[in-house]
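# Residue-level structure breakdown
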Amino acid sequence: MTFPDLETALVDAHNMAVLGATQTGKTSAVRELQDKTPRRSLWVNERGDKRVPNVAGVEAWDLAEVRDALANGADKVEFLPADRREALPALRRFLWELADAVDRSAELQVVVDEVDRVAEQSGKAYGNLPSRDAVRDFTSEGVKRNIKFVGITQDPTTYDKQALRNSRYRAVWPMSKEHQNAVRKYGFAWDAVRDAEQYAGVLHYMDGTVIGELKAEARYA
Ligand SMILES: Nc1ncnc2c1ncn2[C@@H]1O[C@H](COP(=O)(O)OP(=O)(O)OP(=O)(O)O)[C@@H](O)[C@H]1O
Ligand SMILES: [Mg+2]
């Protein structure tokens, strides 16, 4: 079986789940990806004290501003909607239309940090979580529209299982034994995760094959 090399994995349109305990280096690594990817990348950030600092891109405070930024040729956008839950379904519709309008030639990327907060495991609320459904759409159909989706979470037990299963790539940083158990079926190489340098994560292909290590340059930390 063949699998992509690290460079391909980071730039192709297949989606990536980024998993690991708090303060392990996940956000920093994706901050670097946002800045360096050849894709036009849109980071769906939070406002206020949960806002991830130092995200590359033009600030867009609503969807109209995202539209304008892209129309004006912005390569990186930091989207700061009032409410990420409300914004994600609308963003999904907008990007689907955009992709269709340009015949999927736009190479886009969407980043959502703390993605479990907008795509939680459904429980009793099954069927009535538009933002989770939007994340499912990004993870299942984004690739067909040339939209890479990158979702980051500290807690694979609270992130929607379907969205997680849909990920073609899984970047894994150290995590607790309980969380390792929660994702035991994914076949991660825990020895490689443990032996990786500080702040480095191990990128796996969907079948558990190790593709390489990811670690932010210090200036993105
Ligand atoms: N490559 C690096 N070199 C030096 N320091 C780093 C590096 N990556 C991360 N750090 C430092 O480690 C801390 C945690 O990094 P980061 O915010 O990326 O982790 P995280 O996994 O996203 O954490 P959380 O889950 O809490 O959001 C930060 O203080 C950051 O400056
Ligand atoms: Mg983080």
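Scope of this entry: the structure provided in the associated data block. Everything numeric here is computed off the predicted structure, so don't read it as measured data. All residue numbers here refer to positions counted from 1 along the written sequence of the relevant chain. To read the labels, note that chains go from A and ligands from 1, taken in the order they are written. Only residues with pLDDT of 70 or above have their local features reported here, since the model is predicted, and side-chain atom pairs are shown and tallied only from 80 upward, although totals for entire chains, interfaces and linings are computed over all residues.

## Digging into the site of ligand 1
Neighbouring ligand 1 are 14 residues; Thr-22, Lys-26, Thr-27, Ser-28 and Ala-221 lie closest to it. Counted by class, the shell around ligand 1 contains four nonpolar, eight polar and two charged residues. Should the C-beta atom of a residue, placed from the backbone, lie within 6 Å of a molecule or strand, that residue is near it. Amino acids are sorted into nonpolar (Ala, Val, Leu, Ile, Met, Phe, Trp, Tyr, Cys and Pro), charged (Asp, Glu, Lys and Arg) and polar (every other residue, Gly among them).

## Regarding the packing of helix α4 (residues 84-101) against helix α5 (residues 130-141)
Lines fitted to C-alpha atoms define the axes, with helix axes restricted to the stretch in contact, and inter-axis angles between N-to-C directions lie between 0 and 180 degrees. What counts as a helix is a DSSP run of H or I of at least four residues, what counts as a strand is a run of E of at least two, and both are numbered from the N terminus. At a closest axis distance of 8 Å, the pairing of α4 and α5 adopts a crossing angle of 40 degrees. When the interaxial angle is binned, α4 and α5 end up oblique. Once α4 is placed against α5, the crossing between them reads as left-handed. Along the contact surface, α4 presents Arg-84, Arg-85, Leu-88, Pro-89 and Arg-92, while α5 presents Pro-130, Ser-131, Ala-134, Val-135, Asp-137 and Phe-138. Of the residues assigned to the contact of α4 with α5, the class counts are six nonpolar, one polar and four charged. Orientation is classified from the angle alone, with under 35 degrees giving roughly parallel, over 145 giving roughly antiparallel, 65 to 115 giving roughly perpendicular, and any other angle giving oblique. Two helices cross in a left-handed way if the nearer one is turned anticlockwise from the farther one by less than a right angle. They cross in a right-handed way if the turn is clockwise. The contact criterion used is a C-beta to C-beta distance within 7 Å, with each C-beta placed from the backbone.

## Looking at the nonpolar core
A set of buried Ala, Val, Leu, Ile, Met, Phe, Trp, Tyr and Cys residues, joined through C-beta atoms within 7 Å, is what we mean by a nonpolar core. Buried residues are those with 20 or more other C-beta atoms within 10 Å of their own C-beta, exposed residues have 12 or fewer, and partly exposed residues lie in between; C-beta atoms are placed from the backbone. Grouped together as the largest cluster of nonpolar side chains are 52 residues, with contacts concentrated most on Val-18, Leu-42, Val-44, Phe-79, Val-110, Val-135 and Val-150. When neighbours within four sequence positions are excluded, Val-150 is seen to be in contact with Asn-15, Met-16, Val-18, Val-30, Leu-33, Gln-109 and Val-111.

## Regarding helix α2 (residues 26-36)
Counting buried residues in α2 gives eight out of eleven residues, a clear majority hidden from the surface. Among all positions in α2, only Lys-26, Thr-27, Ser-28, Ala-29, Val-30, Arg-31, Leu-33 and Gln-34 are buried.

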